[in-house]
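Coordinates in review
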Amino acid sequence: GSLGNPNAGQLGVQISEFKLTANTEAASVKRIQMLQGGTMSTSNFGNLKIKAGTTEWPGTIDSAGYLVFDLGSGYAIEKGGNAIFKVYSDTLGKKDETIKVYLEYSTDVQAIGAQYGFGMAATITAMDTTAEAHPLTLQGGVLTISFVGPSASTIGTNTDDTVFLRYTMNAA
């Protein structure tokens, strides 16, 4: 599906979504690694997590842009079944920066087969380049600060609780 562009500074934003299918045997997904190919700095990602159904796992991102999710004992997908994984992050970047998270290599998905107990090969050709990732562009808002008083005046040197500025802030 399509994801909406988040606002800069927005918390808990869905930044990617993909489906894994276990075609030949049931699978236990143990680890998923993705790459950030957009312009938002890796230090501006926060509170990374991945969800499948009602289960979620925390993630990390390194300076090279690799997002890593360790699914612990694994997430089970029955033979012929599938699971939709959704990736979330705080977007602490600036307006017009981009997020393009994708699977770089087939080994970025570590799944163990239930029948033979070995790693299963992942086919990721539908999401293995920045062009195939969900492209997100951070949106910026407009903040207006308006002066409402007081007028300029002489202030004594021995005063308490003197108001220097009153203002209003409106966000659009």
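Okay, so let's go over this structure. (Residues numbered from 1 in each chain as written. Predicted model: local features only at pLDDT ≥ 70, side-chain atom pairs only at ≥ 80, totals over all residues. Heavy atoms only, no water.)

Describing the side chain of H134
- With respect to the helices and strands, the residue H134 is situated in the loop between β9 (109-113) and β10 (136-137).
- From its side chain, H134 meets the backbone oxygen of E17 in a polar contact 3.0 Å long. (Helix = DSSP H or I, 4+ residues; strand = E, 2+ residues; numbered from the N terminus. Polar contact = N/O pair within 3.5 Å; in protein donor to acceptor, adjacent residues only side chain to side chain.)

Some remarks on the packing of aromatic side chains
- Across all of its chains, the model carries 3 aromatic pairs by this definition.
- Consider the rings of F18 and F85, whose centres lie 5.6 Å apart with planes at 15°: the pair is stacked. Of this pair, F18 sits in strand β1 (residues 13-21) while F85 sits in strand β6 (residues 82-91), placing them 67 residues apart in sequence. F85 carries the same exposure label as F18, and that label is buried.
- Among the aromatic residues, those joined into a ring-pair cluster are F18, W57, Y75 and F85.
- Cation over ring: K51 sits above Y88, and NZ or CZ is 4.7 Å from the ring centre. (Phe/Tyr/Trp six-rings, centres within 6.5 Å; stacked < 30°, edge-to-face > 60°. Buried < 20%, exposed > 50% of the residue type's maximum accessible area, 1.4 Å probe, protein only. Lys NZ or Arg CZ within 6 Å of the ring centre and 35° of its normal.)

Thoughts on the pattern of salt bridges
- Taken as a whole and assessed by the stated rule, the structure comprises 3 salt bridges.
- Taking the shortest distance from any N to any O, the salt bridge between E56 and K51 comes out at 3.7 Å.
- Its relative accessible area of 41% is what places E56 among the partly exposed residues.
- When salt bridges with common partners are traced through the structure, they connect K49, K51 and E56 into a single cluster. (Salt bridge = Lys/Arg side-chain N within 4 Å of Asp/Glu carboxyl O.)

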